[in-house]
2 protein chains.
Amino acid sequence: MLTQGDKAPGAIDVVPLPVSVEQFAGSCPVSAGLEWRDQGPGGDRVREASARLLAGWERRLGCAWTFRPGRPPSPVLVAWEKAGAAIPLLGEDESYRLEISAAGTVLRAATDLGALRGLATLEQLLVVDGAGAWLPVVKIADRPRFPWRGLMVDVCRHWLPPAVIRRTLDGMALAKFNVLHLHLADDQGFRFESRTHPRLHERGSDGHYFTQAQLREIVAAAAARSFRVVPEMDVPGHATAWLAAYPELASQPGAYAVERRWGVHDAVLDPTNEKVYGLLADLFAELADVFPDPFVHIGGDENNGKHWGENADIQKFMVTSGLADHPALQAWLNRRVQRLLVGHGKQMVGWDEVLHPDLPRDTVIQSWRGADSLAEAARRGFRGMLSSGYYLDHCHPAAWHYGKDPLPADDVLTEEERARVLGGEAAVWTEWISEEMFDGRTWPRAAAVAERLWSPRAVTDTADLERRLAVLSERLAEHGLQHEQNEGRMIRRLAQGDPARAAILGIFASALAPIANYRRSRLQVGHTQATQLTGLEDAVRPDGAGPQRFAREVEEWLRDGQADAAQALAGQLRLWRGAAAQLITTEHGTLAVALADACDVGLEALSYPDGAAAVAADWAAEAMDRLAGAAAVRAPMDIAILVPLHRLVAATQIGRGPEEGFAGWRRRVEDAANLTDLVQRNLPPRG
Amino acid sequence: MLTQGDKAPGAIDVVPLPVSVEQFAGSCPVSAGLEWRDQGPGGDRVREASARLLAGWERRLGCAWTFRPGRPPSPVLVAWEKAGAAIPLLGEDESYRLEISAAGTVLRAATDLGALRGLATLEQLLVVDGAGAWLPVVKIADRPRFPWRGLMVDVCRHWLPPAVIRRTLDGMALAKFNVLHLHLADDQGFRFESRTHPRLHERGSDGHYFTQAQLREIVAAAAARSFRVVPEMDVPGHATAWLAAYPELASQPGAYAVERRWGVHDAVLDPTNEKVYGLLADLFAELADVFPDPFVHIGGDENNGKHWGENADIQKFMVTSGLADHPALQAWLNRRVQRLLVGHGKQMVGWDEVLHPDLPRDTVIQSWRGADSLAEAARRGFRGMLSSGYYLDHCHPAAWHYGKDPLPADDVLTEEERARVLGGEAAVWTEWISEEMFDGRTWPRAAAVAERLWSPRAVTDTADLERRLAVLSERLAEHGLQHEQNEGRMIRRLAQGDPARAAILGIFASALAPIANYRRSRLQVGHTQATQLTGLEDAVRPDGAGPQRFAREVEEWLRDGQADAAQALAGQLRLWRGAAAQLITTEHGTLAVALADACDVGLEALSYPDGAAAVAADWAAEAMDRLAGAAAVRAPMDIAILVPLHRLVAATQIGRGPEEGFAGWRRRVEDAANLTDLVQRNLPPRG
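Residues numbered from 1 in each chain as written. Chains lettered and ligands numbered in written order. Predicted model: local features only at pLDDT ≥ 70, side-chain atom pairs only at ≥ 80, totals over all residues. Heavy atoms only, no water.

**Overview of the relation of the copies chain A and chain B**
- Superposition of chain A onto chain B requires a rotation of 180 degrees combined with a translation of 0.0 Å along the rotation axis, giving an RMSD of 0.0 Å. Look at the turn and shift together and you get a two-fold axis relating the two. By C-alpha distance to the rotation axis, the residue of chain A lying nearest is Q485(A), at 3.2 Å.
- In this assembly the copies share their binding face: 100% of the residues contributing to the interface of chain A also contribute to that of chain B. (Least-squares fit on C-alpha atoms with pLDDT ≥ 70 in both. Contact = heavy atoms within 4.5 Å.)

In structure tokens, the structure reads:
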């Protein structure tokens with residue numbers, strides 16, 4: 001999709017990658033300041049966004065910049081034709097064109113919302129180097145592939161206060177997300193201030209909830225960045241916190257308390273109790289007042305039906321109402337809920353499970369099951385969006401999420417059905433994520449999902465994505481996102497003020513990643529909302545810079561064969577090995593032994609003469625066994641450098657079919673229980 | 001001052017160190033949560049501060065904590081007898097007692113302000129480790145030594161937006177500062193929104209100014225943390241930005257523009273022009289309305305008198321008014337200004353130069369000249385406070401500032417005169433400090449000044465201070481202060497996305513410090529407000545962890561003589577040497593050559609047999625020459641490890657009087673032009 005001009009002075013470091021970029025020789029120097037003009041109806045939003053952009057640039061430059069010290073400033077024109085909705089709607093025109101020449105910058109868009117998207121691109125284009133500050137000479141034409149590009153934030157399992165949401169909005173703006181989806185009520189917390197039923201937040205939140213005033217501020221800040229805010233109230237399951245306030249609404253009697261454990265619980269609202277609908281009517285009225293967006297999410301997921309099955313009245317009701325099974329009963333409840341929402345002009349969104357033939361076709365299905373279930377919904381006439389593959393708390397690397405497409409190339413949908421696939425949402429569930437960890441488990445990987453939803457499907461170069469994400473990561477940190485700093489701080493705290501120990505833990509951690517998927521819940525059984533998230537497994541980040549760099553340097557060495565590259569790799573392995581050796585007698589012992597041995601494998605592989613055909617196949621087979629053993633260690637962290645180490649071993653077997661060896665090893669590792677995602681983390685997605 | 005209990009389970013990591021700490025065996029476990037009660041009149045301030053404390057603790061714990069998972073929570077009582085002023089005044093009672101036992105925590109204070117100071121102590125006492133979360137068992141009795149403990153922030157030379165001030169307030173609360181002094185107008189910017197004379201901020205600020213609404217929010221946030229806010233309007237000098245709006249108020253005709261250069265400028269208000277007082281009357285009325293504090297700072301510093309001397313009317317006025325010289329004329333102006341302030345119930349604060357026999361004795365003198373001039377003011381009946389020695393932008397290490405005392409032990413003042421010394425203010429002038437650098441040039445060193453002003457004079461252990469500052473630094477970062485992260489980010493930016501280059505620059509920088517005092521302005525002539533502050537000298541921090549650790553480890557090795565300590569020192573020196581070697585052909589070449597040679601000196605010293613008397617005195621003399629040469633390099637950064645390296649060389653000369661050798665070397669280095677502060681940085685203060 002990249003079309004290059006007559007000369008390419010460098011790569012374009014923008015996430016999401018625009019639809020079309022033409023780059024030319026030369027640059028647009030802006031050290032002398034900017035003469036900024038905007039032109040279009042309304043424009044407060046554009047002016048505020050321009051001020052944020054300029055403030056960010058001034059922070060990077062470290063000098064006042066709105067005045068002109070002698071030389072003429074560089075002109076910038078931001079122009080748009082009509083004002084988008086004050087509270088943005090689904091499907092607004094977000095397209096823009098950005099032309100930068102030596103003479104200045106022109107950004108044109110159909111709407112002010114498009115202008116904001118163009119500003120997010122422009123902000124990322126500034127280069128500050130020894131030559132001063134300049135912009136590359138480019139022609140960019142850009143528009144999103146999907147109209148619904150969301151980030152779902154679970155504020156229930158662990159509370160995230162307004163300050164976290166505010167800085168999240170700044171990150172979202174840079175990555176061109178356009179929907180913030182707030183998961184406001186779940187078993188472990190009811191986080192919405194209800195004025196009609198204050199017991200809900202009083203008894204259901206431990207005092208940690210958003211006031212309506214705070215939510216209005218979030219909605220306003222989102223609208224100023226031109227994105228929507230969709231609230232979610234999960235019913236009828238995931239509702240234990242509601243029952244802590246109103247146990248009489250439950251399907252089984254009991255003294256309900258806010259749930260502290262993770263997982264799927266039995267507590268569920270009683271669909272035959274008219275009071276349930278009375279409370280929902282009041283609550284949706286409040287919700288509609290605070291959140292102007294036409295969509296309300298009602299959850300609808302993971303109701304195990306146990307309490308319904310054990311309630312004779314509910315079973316009787318099903319018989320008399322002709323409801324064949326629990327899904328049918330839940331669909332019946334959903335239709336009643338949907339009618340309440342219609343009264344406020346709202347359309348309903350729900351997770352996969354709400355999909356039922358009886359539901360009105362304006363319901364939007366959010367799929368946590370996969371692109372197939374999304375396609376199925378589209379075939380049945382429902383609009384939908386993908387979240388399967390986009391759960392950032394699963395701790396996969398960016399490239400893994402990047403490989404998931406709401407509309408895979410091989411789909412068998414008609415054009416009309418395809419149009420029903422609105423996009424997707426990255427999701428951050430917070431069972432294992434505290435406030436301090438939130439930014440590190442969200443950024444910059446969320447931007448990989450944002451790019452998948454914005455850029456053309458053909459944009460799939462993961463190495464280029466990783467390079468651009470590293471640059472974006474700096475920009476995000478400049479906006480106040482904390483993803484860069486919290487790992488180090490948590491490690492320093494673990495070291496109890498001993499800098500040498502902090503250094504060792506830091507080096508050790510730089511070869512690791514948190515285990516992916518929900519394997520952690522199987523390893524660390526009994527963890528609850530009261531478990532301190534202060535371990536090394538909480539500090540380490542998925543997709544860390546250390547393993548990424550090591551993998552890249554291994555590939556470069558295998559390609560170029562430069563001796564000093566091998567030396568650098570060996571130096572890195574010795575550093576990791578040395579740190580691991582010092583941790584063998586600690587709680588991290590098993591993992592440390594495995595890492596040390598894996599590093600030894602790498603050092604042995606590097607010590608073989610380059611490409612020597614004489615290397616014993618026996619040694620290589622054993623080495624691969626050792627790496628597979630390192631992969632099989634039971635720990636809440638994975639060794640994240642095993643695949644490049646395997647590449648080093650395989651490279652000693654040139655002439656003996658290393659590819660076959662690799663495939664065999666991969667199969668062996670995949671066959672080991674629960675290790676599928678280790679390989680997924682370390683490898684580019686298949687196919 | 002520390003009295004220990006029957007057992008001392010560990011050091012108390014609190015800044016400022018309390019007046020009296022008794023520590024006992026045992027601990028107060030708080031993992032099961034807290035049952036928090038407060039008791040006293042009013043109390044919104046205490047409840048807000050308690051909520052901030054608990055939120056901070058929950059962030060560190062990574063778990064919800066206000067509920068009780070089974071075990072009984074630990075009780076906390078915060079009690080105070082009377083409410084302090086809603087807008088705190090000079091001299092409020094800030095004392096408190098804090099008793100923590102295994103059974104719980106009791107914090108008692110005379111006022112809610114004292115309770116807030118106690119909470120700042122309590123917050124720092126929490127320990128989170130493998131045993132969970134706990135508090136040490138202590139009895140603390142505490143009160144401040146001085147009632148005026150300020151931080152002055154210059155928002156004129158480089159603009160600092162409200163977000164920076166807001167996070168600064170959080171840092172100040174932790175360090176028990178109680179005055180925020182905002183330097184709002186100077187040659188390079190007029191940063192106060194004037195509604196009576198909007199031209200002042202419109203033409204004098206490049207659009208970078210505080211609105212009155214923003215300032216009211218800052219005052220409210222400060223009052224909530226129980227500190228005062230003192231505004232400064234610098235007159236009659238440092239007023240070029242005023243004249244950009246109203247050139248007719250100047251002492252010489254001209255088209256004035258906002259000054260972009262640093263230093264002392266000729267532009268000065270005309271004291272004989274009645275319009276000057278008209279404008280000041282309007283402005284002070286606005287200022288009094290926004291800032292409720294009874295003190296207003298009028299600057300009064302660095303008027304060179306040139307334009308007064310060149311203005312015949314002004315000279316004539318002096319003759320007819322019997323004003324002998326320019327200081328007398330300025331004192332005449334100050335008296336008129338002071339009368340305007342009295343009209344709003346305000347007392348005047350000014351820099352040293354305002355001190356004049358004709359001034360009313362309720363004027364407060366802020367001394368930038370030193371403790372002697374402060375004592376002189378006290379003798380003459382003026383109240384005063386110290387800022388000399390507390391200029392954080394001078395880039396001295398914390399220990400250096402810590403050695404400056406507003407009331408040195410050898411003062412010759414009477415008790416009455418001593419009572420006039422109200423305290424002091426750390427000051428951050430921003431000629432060489434951008435928004436991005438501000439936190440790193442302010443924190444955690446500001447807390448060393450805060451401790452000097454709070455803790456007893458006898459508390460002077462710099463090694464203990466450095467240890468505690470390192471812990472406080474983490475707490476500050478958890479509150480959102482950015483001092484930890486910006487150095488790395490700026491270095492990564494300098495490396496243009498090349499991680500290997502960033503690593504080399506980072507290692508190189510970890511042996512360096514920015515040059516101290518205003519030597520930078522003599523080295524980098526011609527720098528202005530438009531100069532990008534993006535160099536390595538802007539990124540490196542004074543008082544970095546690298547040199548501090550190296551110095552400490554050298555002392556430990558000299559004391560204990562353990563072989564692996566010597567190996568670790570050699571390893572560190574080789575790391576620095578290796579990084580320097582790779583930068584020799586860059587803009588940092590001269591400094592890199594000097595650092596590499598200095599590291600060689602250290603490695604040679606370490607290679608001598610331990611304590612061998614046979615080491616040639618010739619080698620040592622030459623080695624000291626080489627270190628002195630490294631100190632003399634002209635660069636905007638200093639090598640910050642020269643003194644410990646000298647200690648290593650001297651240690652090879654045991655039996656030949658190393659102390660004498662050291663004194664001689666020190667004299668030689670001090671004699672070299674402009675190098676006094678290099679030694680000041682590296683050595684504990686003399687005497």
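Having put the structure on the table, let's press on.
**A few points about the interface of chain A and chain B**
- Contact with chain A, which involves 43 residues of that partner, is made by 43 residues of chain B.
- Summing both partners gives a buried area of about 3,600 Å² for chain A against chain B, and 48% of it is carried by carbon and sulfur.
- On inspection of chain A and its partner chain B, the count reaches eight salt bridges.
- The tally of links between chain A and chain B comes to 18 residue pairs in polar contact (both at pLDDT 80 or more).
- Only α1 (44–61), β6 (127–129), β7 (132–142), α14 (435–442), α16 (462–478), α17 (486–494) and α21 (545–560) of chain A provide two or more residues apiece to the side of chain A that touches chain B.
- Residues that form the side of chain A that touches chain B fall into these classes: twelve nonpolar, 14 polar and 17 charged. (Buried area = accessible area lost by both parts, 1.4 Å probe. Salt bridge = Lys/Arg side-chain N within 4 Å of Asp/Glu carboxyl O. Polar contact = N/O pair within 3.5 Å; in protein donor to acceptor, adjacent residues only side chain to side chain. Helix = DSSP H or I, 4+ residues; strand = E, 2+ residues; numbered from the N terminus. Nonpolar A, V, L, I, M, F, W, Y, C, P; charged D, E, K, R; others polar.)

**Things to note about the packing of helix α3 (residues 162–175) of chain B against helix α14 (residues 435–442) of chain B**
Residue and element names in this part refer to chain B.
- As a packed pair, α3 and α14 sit with axes 11 Å apart at the nearest point and diverge in direction by 15 degrees. As summarised for this structure, α3 and α14 are arranged roughly parallel, according to the angle between their axes. Here α3 runs over α14; the crossing is right-handed. Judged by residue contacts, V164, R167 and T168 of α3 engage E435, F438 and D439 from α14.
- In terms of residue class, the contact of α3 with α14 is made up of two nonpolar, one polar and three charged. (Axes fitted to C-alpha atoms, helices over the stretch in contact; angles between N-to-C directions. Parallel < 35°, antiparallel > 145°, perpendicular 65-115°, else oblique. Left-handed = near helix turned anticlockwise from the far one by under 90°.)

**Concerning the packing of aromatic side chains**
- Per the stated rule, a full pass over the model turns up 18 aromatic pairs over all chains.
- When the ring of F177(B) is compared with that of W443(B), the centres are 6.4 Å apart and the planes differ by 80 degrees; the resulting orientation is edge-to-face. In this pair, F177(B) sits in the loop between α3 and β9 (179–186) while W443(B) sits in the loop between α14 and α15 (445–454), placing the two residues 266 residues apart along the sequence. Each member of the pair, F177(B) as well as W443(B), is classed as buried.
- Members of the aromatic cluster, connected to one another through ring pairs, are Y277(A), F317(A) and W332(A).
- One residue, R452(A), lies across the ring of Y402(A), its end atom 4.4 Å from the ring centre.
- Positioned above the aromatic ring of Y277(B), the side-chain terminus of R336(B) is 3.9 Å from the ring centre. (Phe/Tyr/Trp six-rings, centres within 6.5 Å; stacked < 30°, edge-to-face > 60°. Buried < 20%, exposed > 50% of the residue type's maximum accessible area, 1.4 Å probe, protein only. Lys NZ or Arg CZ within 6 Å of the ring centre and 35° of its normal.)

**Overview of the side chain of R441(B)**
Residues and elements named next belong to chain B.
- Among the structural elements, R441 can be located in helix α14.
- Although R441 is buried, it forms no salt bridge, and the closest oppositely charged side chain is D538 at an N-O distance of 5.4 Å.
- If sequence neighbours within four positions are ignored, R441 has contacts with L392, C395, W432, I433, P514, E537, D538, V540 and P542. (Lys, Arg positive; Asp, Glu negative; His and termini not counted.)

**Overview of the pattern of salt bridges**
- Scanning the entire structure with this criterion turns up 88 salt bridges over all chains.
- Linking D439(B) and R167(B) is a salt bridge whose minimum nitrogen-to-oxygen distance equals 2.7 Å. Placement of D439(B) in helix α14 and of R167(B) in helix α3 is noted, with a sequence separation of 272 residues between them.
- Here R167(B) falls in the buried class, since its relative accessible area comes to 16%.
- Residue E451(B) pairs with R468(B) through a salt bridge whose shortest N-O separation is 2.7 Å. With a gap of 17 residues between them, E451(B) in helix α15 and R468(B) in helix α16 (residues 462–478) connect regions that are remote in the sequence. Take E451(B) and R468(B): they sit in the same class, and that class is buried.
- Three or more residues joined by partner-sharing salt bridges are found here, namely D13(A), E451(A), D464(A), R467(A) and R468(A).

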